[in-house]
Amino acid sequence: MQSAVAKNMVESLFVPTFRVGYPVTTDALDALYERVKPKGVTMTAILAKAAAMALVQHPVVNASCKDGKNFAYNSNINIAVAVAINGGLITPVLQDADKLDLYLLSQKWKELVEKARAKQLQPHEYNSGTFTLSNLGMFGVDRFDAILPPGQGAIMAVGASKPTVLADKDGFFSVKNKMLVNVTADHRIIYGADLAAFLQTFSKIVENPESLTL
């Protein structure tokens, strides 16, 4: 497994990438999570669902350039999620994440993680991703950059949600929870404005998360 990871990381060096960071307020997301957590919903599933919903509106961020010359829009939104397992790193894939409700998505995710840790994933369950999510927030990491997997257009790195003092336009201060999201993208197919628009949509979904439960 480690040799495969090393091979992919070296391939990534030949892709011209750029990175865009975006702060996202998470108070409403945190409240939603506390409400659905007893029903078996994980934060990973919530973030994957939010990313998938944003990708529906910004399909170029879900596109890929696999041969260095031609790019293609992917008809499916398959969210790969980085998972650390004994002996390395693997990215189980939530296929058609935009079409599954949050509860089914969480169930699928738990099944994939169990199979990953038992080393029972089938190839299509870890190599069919069109967009990758990497979350280190549970470790208290506030920000990081992720390396773009070969054959994908973008990868999202999610940091921890932390209390932040904010000032409004009238000069009044308040404390809100914020997380920093960094996206690394393939500049051959995705431009800065594309990524900025995607992140704005992702932020709106996270900050008004009721649509995630529909």
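Preceding this section is the structure that the text describes.
Throughout, residues of each chain are indexed from 1 in the direction in which the sequence is written. In keeping with the predicted nature of the model, local features appear solely for residues at pLDDT of at least 70, side-chain atom pairs appear and are counted solely at 80 or more, and the whole-chain, interface and lining totals rest on all residues. Derived side-chain values reflect all non-hydrogen atoms in the structure, with water molecules and hydrogen atoms excluded from consideration.

Further remarks concern the overall build of the protein chain. Strands here mean DSSP runs of E at least two residues long; helices mean DSSP runs of H or I at least four residues long; both are numbered from the N terminus. On a plain count of helices and strands, the protein chain comes out with five helices and nine strands. Listed by position from the N terminus, the elements making up the protein chain come as α-β-α-α-β-β-β-β-α-β-β-β-β-α. Note that the radius of gyration is over C-alpha atoms, with the globule rule given as 2.2 Å times the number of residues to the power 0.38. In terms of overall size, the protein chain behaves like a compact globule, its C-alpha atoms giving a radius of gyration of 17 Å where 214 residues would be expected to give roughly 17 Å. Burial status across the protein chain gives 46% buried among its 214 residues. For the protein chain, the share of sequence-separated contacts (at least 6 apart) that also reach a separation of at least 24 residues comes to 64%. Here's how the labels work: a residue is buried when its accessible area is under 20% of the maximum for its type, exposed when over 50%, partly exposed in between, all with a 1.4 Å probe on protein chains only. Contacts were defined at the residue level, with two residues in contact if any of their heavy atoms lie within 4.5 Å.

As a further point, take the side chain of Asn182. Counting through the fold element by element, Asn182 comes out in strand E9 (residues 173–186). Residue Asn182 is classed as buried on the basis of its relative accessible area of 11%. A polar contact of 3.2 Å, which involves the side chain of Asn182, links it to the backbone oxygen of Phe144. There is a polar contact of 3.4 Å between the side chain of Asn182 and the side chain of Asp145. Residues adjacent in sequence count toward polar contacts only when both atoms are side-chain atoms; beyond that, a polar contact is any pair of N or O atoms within 3.5 Å, and within protein one must be able to donate a hydrogen and the other to accept it.

Of the pairings in the sheet, the one linking strand E1 (residues 17–25) to E9 comprises nine bridges and is antiparallel in character. Bridged to Thr25 within E9 is Lys178. One bridge is not enough; two strands pair if DSSP finds at least two bridges between them. The pairing of strand E8 (residues 162–167) with E9 spans six bridges and is classified as antiparallel. Bridging across to E9, Thr164 finds its partner in Lys176. In this structure, the hairpin formed by E8 and E9 is closed by a connection of five residues, where Gly171 is found at a positive phi of approximately 90 degrees.

Right, let's talk about the packing of helix H3 (residues 43–57) against helix H5 (residues 192–207) for a bit. In helix packing, the relevant descriptors are the interaxial angle and the interaxial distance, both defined with respect to the helix axes. A fitted line through C-alpha atoms serves as each axis, taken over the contacting stretch for helices, and the angle formed by two N-to-C directions is quoted from 0 to 180°. Close contact between H3 and H5 brings their axes to 9 Å; oriented N to C, the two are set at 135 degrees. Classed by the angle they form, the pair H3 and H5 counts as oblique. Crossing of H3 against H5: the hand is right-handed. Contacts from Leu47, Ala50, Ala51, Met53, Ala54, Leu55 and Gln57 of H3 reach H5 at Phe198, Thr201, Phe202, Ile205 and Val206. In the scheme used here, Gly and all other residues not listed as nonpolar or charged are polar, with Ala, Val, Leu, Ile, Met, Phe, Trp, Tyr, Cys and Pro taken as nonpolar and Asp, Glu, Lys and Arg as charged. Of the residues assigned to the contact of H3 with H5, the class counts are 10 nonpolar, two polar and no charged. Just so you know how the angles are binned, under 35 degrees is roughly parallel, over 145 roughly antiparallel, 65 to 115 roughly perpendicular, and the rest oblique. Two helices cross in a left-handed way if the nearer one is turned anticlockwise from the farther one by less than a right angle. They cross in a right-handed way if the turn is clockwise.

Attention now goes to the environment of Trp109. Within the fold, Trp109 resides in helix H4 (residues 102–117). Placed 17 residues apart in sequence, Trp109 and Pro92 show a C-alpha to C-alpha distance of 8.1 Å. Residues contacting Trp109, with those up to four places away along its chain left out, are Thr42, Thr44, Val81, Val83, Pro92 and Leu94.

For soluble globular proteins, the rule of thumb is that nonpolar side chains tend to be buried together. Residues enter a nonpolar core if they are buried and are Ala, Val, Leu, Ile, Met, Phe, Trp, Tyr or Cys, with the set joined through side-chain atoms within 4.5 Å. Membership of the largest hydrophobic core comes to 57 residues, with the highest contact counts inside it found for Ile79, Phe198 and Phe202. Here this core gets 11 residues from one element, more than from any other, and that element is H3. Setting aside anything within four residues of it in sequence, one finds Phe198 in contact with Ala51, Ala54, Leu55, His58, Val61, Phe131, Met156 and Val183. Grouped together as the second largest cluster of nonpolar side chains are six residues, Val15, Ala146, Leu148 and Ala157 included.

Secondary-structure assignment places Thr132 in strand E6 (residues 131–135). Polar contacts involving the side chain of Thr132 include one to the side chain of Gln152, which spans 2.7 Å. Sequence-distant contacts of Thr132, defined by excluding residues within four places in its chain, comprise Ala80, Pro149, Gln152, Ala154, Ile155 and Met156.

Stacked, edge-to-face and tilted labels apply to pairs of Phe, Tyr and Trp rings (six-membered ring for Trp) whose centres lie within 6.5 Å, assigned for plane angles under 30 degrees, over 60, and everything in between, in that order. Applying the stated criterion to the full structure yields three aromatic pairs. Taken together, the ring pairs in this structure connect Phe131, Phe198 and Phe202 into an aromatic cluster.

Before going further, it helps to spend a moment on the pairing of strand E7 (residues 154–158). Of all five residues in E7, five are buried; the element is thus mostly enclosed. Of the two faces of E7, the one carrying Ala154, Met156 and Val158 and the one carrying Ile155 and Ala157 are both buried. When E6 meets E7, the two strands line up parallel, connected through four bridges. If you follow Asn135 over to E7, its bridge partner there is Val158. Two strands pair when backbone bridges link them, and E7 and E9 are joined in this way by five bridges, in the antiparallel orientation. For Ala157, the partnering residue across the bridge sits in E9 and is Asn182.

Take it as geometry only, folks, not as evidence of what the structure does.
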